[in-house]
4 protein chains.
Amino acid sequence: MRTEQARSVSRRQKIMDSALEVFARRGYRDTAMDEIAAAAETSKGGVYFHFPSKQAIFLALLDRMANLLQGRAEAAMAAEPDPVAKFDAALLVMVRTFAGHRPLARLFLVEALGAGPDFNQRMLEIHADFAGLIERHLDEVVALGVIPPLDTHVAGKAWFGALNEVVTTWVLAEEPTDLEQHYPALRMFLLRSVGINEPSGLWRVPG
Amino acid sequence: MRTEQARSVSRRQKIMDSALEVFARRGYRDTAMDEIAAAAETSKGGVYFHFPSKQAIFLALLDRMANLLQGRAEAAMAAEPDPVAKFDAALLVMVRTFAGHRPLARLFLVEALGAGPDFNQRMLEIHADFAGLIERHLDEVVALGVIPPLDTHVAGKAWFGALNEVVTTWVLAEEPTDLEQHYPALRMFLLRSVGINEPSGLWRVPG
Amino acid sequence: MRTEQARSVSRRQKIMDSALEVFARRGYRDTAMDEIAAAAETSKGGVYFHFPSKQAIFLALLDRMANLLQGRAEAAMAAEPDPVAKFDAALLVMVRTFAGHRPLARLFLVEALGAGPDFNQRMLEIHADFAGLIERHLDEVVALGVIPPLDTHVAGKAWFGALNEVVTTWVLAEEPTDLEQHYPALRMFLLRSVGINEPSGLWRVPG
Amino acid sequence: MRTEQARSVSRRQKIMDSALEVFARRGYRDTAMDEIAAAAETSKGGVYFHFPSKQAIFLALLDRMANLLQGRAEAAMAAEPDPVAKFDAALLVMVRTFAGHRPLARLFLVEALGAGPDFNQRMLEIHADFAGLIERHLDEVVALGVIPPLDTHVAGKAWFGALNEVVTTWVLAEEPTDLEQHYPALRMFLLRSVGINEPSGLWRVPG
DNA sequence: GATGAATGAGCATTCATTCAT
DNA sequence: AATGAATGAATGCTCATTCAT
């Protein structure tokens, strides 16, 4: 029993991993279930046993990425006492997570947006989650008087959008460069944008 | 014949307008050529007489939007002598242009990403054009000593990404709000992000 | 499963048989995959499961006919010890094979040649195979001194062409006659053409 | 008037010449009227002014070739008094005519078969004309006692078929060789096939 | 659990033909 | 005579999904 359940779980994982790879390489719409099945070394029927539809696989991958990012970001923020350091940590963790999962990043930032009207609302939610995470933290920091008051709702979106664009161009580039090299500039851009002008050298890259 | 040429041009326009409407409503992939033809009140063959493929129609629409945005932005910047006011003018013009062309904005920011790998490179170019426009202007402003030195390449992308995200969430919302209401906050966010901390109230919304 | 394999094979056969009938009746180009599917009592997708393309079905039929003819011709020749009798046997077997498979004959001699540039090279090969079979045998017979030396390469083609023409006109005729009735005349024509002038039943080397 | 008529005739000719070139290069079915129009440096409507349909152009070309061949063959035969020399002259003229008009030969022997059932009856007629020409002459020669009695109907077809096959393989070859080099062997094959065994050297290739 | 086979709606594209100008 | 524009039926092929075994 235990064994069979474990086998089923690992099968599911293998299908998701294979689907991720194919989606990232061919695009969501251009990926056929046959290709996913072949990549997962199973049959089409086998895939359908574990997932009810192609959409469902895609959504599962989206959730995996969203959870990965949110979890890591929140953990990193929790680990830092200083308000500004929290931003810093979250940004770095996100850059590094994307950098380490290029196909997933592609799915998340490129394919998911264009996968059709069915996914738009889900993407809106996911974007809102991230922007909201930033927004709430900005609210705290404003409350603490660390930064001047600002429209944290827009700032949250803009913050997320700035990161998005940098990662997206990296994801779409034919020959990927090192994403992390852009972190310092992006960090300064984002901190300044919310009114944090730190004396140079005061902030260090954590970890 | 002057008349025939004019008719041909207007037919082309009508097809593009109809295609825009359908693409925005149904998504690029879910749009059938039949729907475009029907919306343009012509036949499928008629559409193919004016455009060689579905892709070509989409690319033509993309270029229309890109040219519209770039033209307006550059004109607005040229009309302002003050360096900071140039940014301001460009940002406002872009927000207003998107606000006034929601379907085109949707195509530009959402559908283009899901239209398949063929479009990715084209999108990359378009994004690079905008980011480059900002980057070049930032370089000038840095050279003038108006703002401190910074990585203008990343800043250009981030600037564009921040705008993108605000517009994208507006585009995807079920019930569109007034996009322009976010302009002041976005403006402050972006100016600060490149080191311009103006005393509040000094800058007014032009025009 | 033995059963499933058998079913799959028989399905394939049924599709080929149906396709043969439709191709022969309507011509290769005018045959729609839908018609083949309908004739095979399956769906278009079903046909595509067994064959990757319309071309592939056609080529499979071509190979079937080529193998049938070559196999029978070679078997008939092997069964006869006398050199001249070998020719005789091969010719008779080919006439009879065509006579018994009129649709296949039509495909082979009419449709295949005109099915488009893609098939030309394949047809060239098939024609060369047959002409070569005759050519090689003529070479042997020449070597044995049974017939005088001659350009066996051209003779092989001409032999095959003569047979072709007789069968082709039979195939294209509205009301088919009995093809085999032409065998004796064709036989005499071909034997004489390579220098075999037989007075009643007696074989001698001319010249 | 004279001028306009002449212009119209030459236009017609130009269309036929262009169509021949395109048909031979792309095949009948794969040739679009657009291509013919472009090759003839006119518009689609212009082509339709001179010919009512694509079929009509093809048939006109077929007739052109048939008339060319028949005319030349009959003239050559008329010019020779000797019965056997008549055959010889006809064969040589046909080989030379095909050799000098490869695209037309392709149309005549290859494309016409794939042009669809509509053309089959016409082709049958054309083949019958040629075979009949030979058959009638064979009848005469038999009547003169030059050759022994034989089934001249089948012999006519076989004669034409042998020539066909040699020309067809030449037409389909990627790199065309010199068709005429096969004439002597073909000549001997055909003469022998009807019972003419001439001492070698007696017959020379005419002019 | 898994698979091969089948389904059938859907779609981009082609193209001979027509016709107003 | 000629043209550009338009038509619309036709077609090969794809693919998510279903299901008997």
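Bear in mind the structure is a predicted one, so any value in this text is a computation, not a measurement.

Asks: An account of the overall build of chain A is requested, with residue identities and associated values reported.
Replies: Helices and strands together make up the secondary structure of chain A, namely 9 helices and 0 strands. In sequence order, chain A lays out its α and β elements as α-α-α-α-α-α-α-α-α. Along the first, second and third principal axes, the C-alpha set of chain A runs to 60 × 40 × 30 Å. Relative to its 207 residues, chain A shows a buried fraction of 52%. For chain A, long-range pairs separated by at least 24 residues make up 69% of all intrachain contacts whose partners lie at least 6 apart in sequence. When the accessible surface of chain A is totalled, it reaches about 9000 Å², and 53% of it is carbon and sulfur. Measuring between centres, the 22 positive side-chain charges of chain A sit 6 Å from its 26 negative side-chain charges.

Asks: I'd love a proper account of the relation of the copies chain D and chain C, names of residues and values included.
Replies: Expressed as a screw transformation, the operator carrying chain D onto chain C has a rotation angle of 180 degrees and an axial translation of 0.1 Å, and the superposed copies differ by an RMSD of 0.2 Å. Both chain copies can therefore be described as sitting about a two-fold axis. Measuring from the rotation axis to each C-alpha of chain D, the shortest distance belongs to glycine 114 of chain D, at 1.3 Å. Counting the interface residues of chain D, we find that 95% of their copies in chain C are interface residues as well, pointing to one common contact surface.

Asks: Can you break down the relation of the copies chain A and chain B residue by residue, with the values?
Replies: In screw terms, the move from chain A to chain B is a rotation of 180 degrees and a rise of 0.0 Å along the axis, fitting with an RMSD of 0.2 Å. Most of the interface of chain A is mirrored in chain B, where 100% of its interface residues again form contacts.

Asks: Could you give an account of the protein's contact with DNA strand F, with specific residues and numbers?
Replies: Contacts to DNA strand F come from 32 residues, most closely from Arg11, Thr42 and His50 of chain B, Lys44 of chain C together with Thr42 of chain D. Counting only atoms of DNA strand F within 4 Å of the protein, the sugar-phosphate share comes to 61%. The contact in question runs from a phosphate oxygen of DNA strand F to an N or O atom on the backbone of threonine 31 of chain A, over 3.1 Å. Here a phosphate oxygen of DNA strand F and a side-chain polar atom of tyrosine 48 of chain C are 2.8 Å apart. For the surface near DNA strand F, the secondary structure elements donating two or more residues are helix H3 (44-50) of chain A, helix H1 (2-26) and helix H3 (44-50) of chain B, helix H3 (44-50) of chain C together with helix H1 (2-26) and helix H3 (44-50) of chain D. Looking at the surface near DNA strand F residue by residue, the class counts come to 8 nonpolar, 15 polar and 9 charged.

Asks: Can you tell me about the environment of alanine 99 of chain C, naming the residues and giving the values?
Replies: All names here are of chain C. Its place among the elements puts alanine 99 in helix H5 (residues 83-100). With relative accessibility at 29%, the residue alanine 99 sits in the partly exposed group. Sequence-wise, alanine 99 and phenylalanine 119 are 20 residues apart; in three dimensions their C-alpha atoms are separated by 24 Å. Ignoring anything within four residues of it in the chain, the contact list for alanine 99 reads Trp170 and Leu179.

Asks: Summarise the interface of chain D and chain C; cite the residues concerned and give the values.
Replies: Facing 43 residues of chain D, the contacting portion of chain C comprises 41 residues. Here chain D and chain C share an interface that buries about 3800 Å² over both sides, 63% of which is from carbon and sulfur atoms. The largest contributions to the chain D side of the interface with chain C come from Glu165, Phe189 and Arg192 of chain D, which together make up 18% of the buried area. Across the contact surface, chain D and chain C share 2 salt bridges.

Asks: I'd like a rundown of the side chain of lysine 54 of chain B, residues and numbers included.
Replies: All names here are of chain B. With respect to the helices and strands, the residue lysine 54 is situated in helix H4 (residues 54-78). Buried charge without a salt bridge: lysine 54, with aspartate 30 as the nearest opposite-charge side chain at an N-O distance of 7.6 Å. Side-chain polar atoms of lysine 54 contact the backbone oxygen of threonine 31, separated by 2.8 Å. Setting aside residues up to four positions removed in sequence, lysine 54 forms contacts with Phe23, Tyr28, Arg29, Thr31 and Met33.

Asks: Could you give an account of the protein's contact with DNA strand E, with specific residues and numbers?
Replies: Around DNA strand E there are 33 residues in total, and Thr42 of chain A, Arg11, Thr42 and His50 of chain C together with Met33 of chain D lie nearest to it. When atoms of DNA strand E within 4 Å of the protein are split into backbone and base, the sugar-phosphate part holds 61%. Here a phosphate oxygen of DNA strand E and a side-chain polar atom of arginine 11 of chain A are 3.3 Å apart. Broken down by secondary-structure element, the contributors of at least two residues to the surface near DNA strand E are helix H1 (2-26) and H3 of chain A, H3 of chain B, helix H1 (2-26) and H3 of chain C together with H3 of chain D. Here the surface near DNA strand E is composed, by residue class, of 8 nonpolar, 16 polar and 9 charged.

Asks: Could you give me a rundown of the domain arrangement of chain A, with the residues and numbers involved?
Replies: When the parts come together, some accessible area is lost, and that loss is often what is quoted as the size of the interface. Residue and element names in this part refer to chain A. Split into domains, chain A comes out as domain 1 (1-51) and domain 2 (59-193). Inter-centroid distance (C-alpha atoms) of domain 1 to domain 2 is 28 Å. With 12 residues of domain 1 at the contact, the number on the domain 2 side is 11 residues. Carbon and sulfur atoms make up 70% of the area that domain 1 and domain 2 hide from each other, which totals about 940 Å². Among the residues of domain 1 in contact with domain 2, Met16, Leu20 and Tyr28 are the three that bury the most area, contributing 54% of the side total.

Asks: Could you give me a rundown of the side chain of serine 193 of chain D, with the residues and numbers involved?
Replies: Among the structural elements, serine 193 of chain D can be located in helix H9 (residues 183-193). Here leucine 190 of chain D takes part through its backbone oxygen, which lies 2.5 Å from a polar atom of the side chain of serine 193 of chain D. For serine 193 of chain D, the contacting residues outside a window of four places in its chain are Phe189, Arg192 and Ser193 of chain C together with Leu150 of chain D.

Asks: Explain the confidence of the model for chain A to me, using residue names and the numbers behind them.
Replies: All names here are of chain A. This prediction gives chain A a mean pLDDT of 89; 92% of its residues lie at or above 70. Per-element confidence in chain A ranges from a low mean pLDDT of 85 for H1 to a high of 96 for helix H2 (residues 33-39). Across residues 200-207 the pLDDT falls below 50, and counting only partners more than four positions away or on other chains, this stretch makes 15 contacts in the model.

Each value, and the rule that gives it
- Residues numbered from 1 in each chain as written.
- Chains lettered and ligands numbered in written order.
- Predicted model: local features only at pLDDT ≥ 70, side-chain atom pairs only at ≥ 80, totals over all residues.
- Heavy atoms only, no water.
- Helix = DSSP H or I, 4+ residues; strand = E, 2+ residues; numbered from the N terminus.
- Buried < 20%, exposed > 50% of the residue type's maximum accessible area, 1.4 Å probe, protein only.
- Contact = heavy atoms within 4.5 Å.
- Areas by Shrake-Rupley, 256 points an atom, 1.4 Å probe, with all protein chains shown as cover.
- Lys, Arg positive; Asp, Glu negative; His and termini not counted.
- Charge placed at Lys NZ, Arg CZ, Asp CG, Glu CD.
- Least-squares fit on C-alpha atoms with pLDDT ≥ 70 in both.
- Near = heavy atom within 4 Å.
- Polar contact = N/O pair within 3.5 Å; in protein donor to acceptor, adjacent residues only side chain to side chain.
- Nonpolar A, V, L, I, M, F, W, Y, C, P; charged D, E, K, R; others polar.
- Buried area = accessible area lost by both parts, 1.4 Å probe.
- Salt bridge = Lys/Arg side-chain N within 4 Å of Asp/Glu carboxyl O.
- Domains from an automatic or database assignment.
- pLDDT = per-residue confidence, 0-100.

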